[in-house]
Amino acid sequence: MRTVAVEALELAESGPVGDRAFHLREPDGAIALTKRYPRLVQVVPAWDGKELALAFPDGRRVAAEVVRGAAVSTAFYDGRPVSGRLVEGPFAAALSEYVGRLVELVAHDDGVTGGDDRAVTLMSDGSLAAVSGALDGAVVDPRRFRMTIAIEGAQAWEEDGWAGREVAIGTATLRVAVPTERCVVTMRDPDDGHGDLPILRALAHLRGKRDVAFGVWCDVTAPGVVRVGDAVAPA
């Protein structure tokens, strides 16, 4: 759904607390991919750990306390199983009506690593500027990449060179793993989901035709709190 900015993140070993706490599931047990339902980026979520609210573009708002139901396992995009429980209440019906197809809302089990490959993703404004340059100066909204943390002041692709190193941010410490391979969702406008910029072509031009990575995957080696404006210190 819509990426929502926050002023602070509590980072646990499994990732940011409250981030990617849910996913949508097809009736056959596969994840409901954004590339199949691009209009989902128009739905704005709010989650306080108890109540979930979904604001739809037509002005409707669906909100309720999250009640976890039957246990399920969802096959994610890479085939790995992610465990959780179906969310009871009004959400599945509202989302199914919105996308025009039956979908289920699943709350992740405790300790699931953000429902993604690793706990945290990180990108730099230098890398974002490089992509913009490859697109003749087009404004590239950083939300296209759905990164956990965006940093200022680094050179293009500098974060790639931090692989295997620790990076202190706020009271947390990350260990950079590998660059993050990108998918076609990056080519869609993050506000309404329509395809508008050839991001993957730009990345291939900059990095080589078989390399469409942007940003880096990170593990959390020391949990803590990261706030907007905190210094970033690679070891």
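Let me sum up the structure you'll find in this document.

Conventions adopted
Residues numbered from 1 in each chain as written. Predicted model: local features only at pLDDT ≥ 70, side-chain atom pairs only at ≥ 80, totals over all residues. Heavy atoms only, no water. Buried < 20%, exposed > 50% of the residue type's maximum accessible area, 1.4 Å probe, protein only. Helix = DSSP H or I, 4+ residues; strand = E, 2+ residues; numbered from the N terminus. Pairing = 2+ DSSP bridges. Axes fitted to C-alpha atoms, helices over the stretch in contact; angles between N-to-C directions. Contact = heavy atoms within 4.5 Å. Core = buried A, V, L, I, M, F, W, Y, C linked by side-chain atoms within 4.5 Å. Phe/Tyr/Trp six-rings, centres within 6.5 Å; stacked < 30°, edge-to-face > 60°.

Some points on the pairing of strand S1 (residues 8-12)
Burial along S1 is one-sided: the residues Leu9 and Leu11 are buried and none of Ala8, Glu10 and Ala12 is. Alignment of S1 against strand S15 (residues 224-227), held across four bridges, turns out to be antiparallel. Note on S15: the bridge partner recorded for alanine 8 is arginine 227. Strand direction decides the pairing type here: S1 and strand S2 (residues 15-16), joined by two bridges, are antiparallel. Considered in S2, the bridge of alanine 12 is made with glycine 15. Between S1 and the antiparallel strand that follows it, S2, lie two residues.

Considering the sheet that holds strand S5 (residues 51-55)
Here we have three strands laid out as an open sheet, ordered S4-S5-S6, and antiparallel in their pairing. Two strands lie at the open edges of the sheet, namely strand S4 (44-47) and strand S6 (61-65), each paired on one side alone. Strand-to-strand twist of the sheet, defined as the mean angle between neighbouring strand axes without regard to direction, takes the value 10°. Examined bridge by bridge, S4 and S5 share four bridges and lie antiparallel to one another. Across the sheet, the residue bridging to valine 44 is alanine 55, located in S5. Where helix H1 (residues 91-99) meets the sheet, its contacts fall on S5 and S6, and the angle it forms with S6 comes to roughly 155°.

Quick word on the nonpolar core
Side chains of a nonpolar character, in soluble globular proteins, are inclined to be buried together. Ranked by internal contacts, the top residues of the largest apolar core, which has 21 residues, are Phe56, Phe91, Leu95 and Leu105. For this core, the elements supplying multiple residues, two or more each, are strand S3 (22-25), S5, S6, H1 and strand S9 (104-108). Of all the elements, H1 adds the most residues to this core, at five residues. The residues touching phenylalanine 91, leaving out its near neighbours within four places in the chain, are Leu52, Leu54, Val62, Ala63, Ala64 and Leu105. Counting 18 residues, the second largest nonpolar core, distinct from the first, contains Ala119, Ala172, Leu174 and Cys218.

Description of the packing of aromatic side chains
For any pair of aromatic rings, geometry is given as the distance between the ring centres together with the angle between the planes. Tallied over the entire structure, the rule returns four aromatic pairs. Between phenylalanine 56 and tyrosine 98, the aromatic rings sit 5.4 Å apart at their centres with planes inclined by 65°, giving edge-to-face as the arrangement. Residue phenylalanine 56 is found in the loop between S5 and S6, and its partner tyrosine 98 is found in helix H1; the two are separated by 42 residues along the sequence. Both residues of the pair, phenylalanine 56 and tyrosine 98, count as buried. On the numbers, 6.0 Å between centres and 85° between planes, the contact of tryptophan 157 with phenylalanine 214 is edge-to-face. Note that tryptophan 157 is positioned in the loop between strand S11 (149-151) and strand S12 (166-169) and phenylalanine 214 in strand S14 (residues 213-222), a separation of 57 residues in sequence. For the residue pair tryptophan 157 and phenylalanine 214, the accessibility class agrees, reading buried in each case. Cluster of aromatic residues (ring-pair linked, three or more members): Phe145, Trp157 and Phe214.

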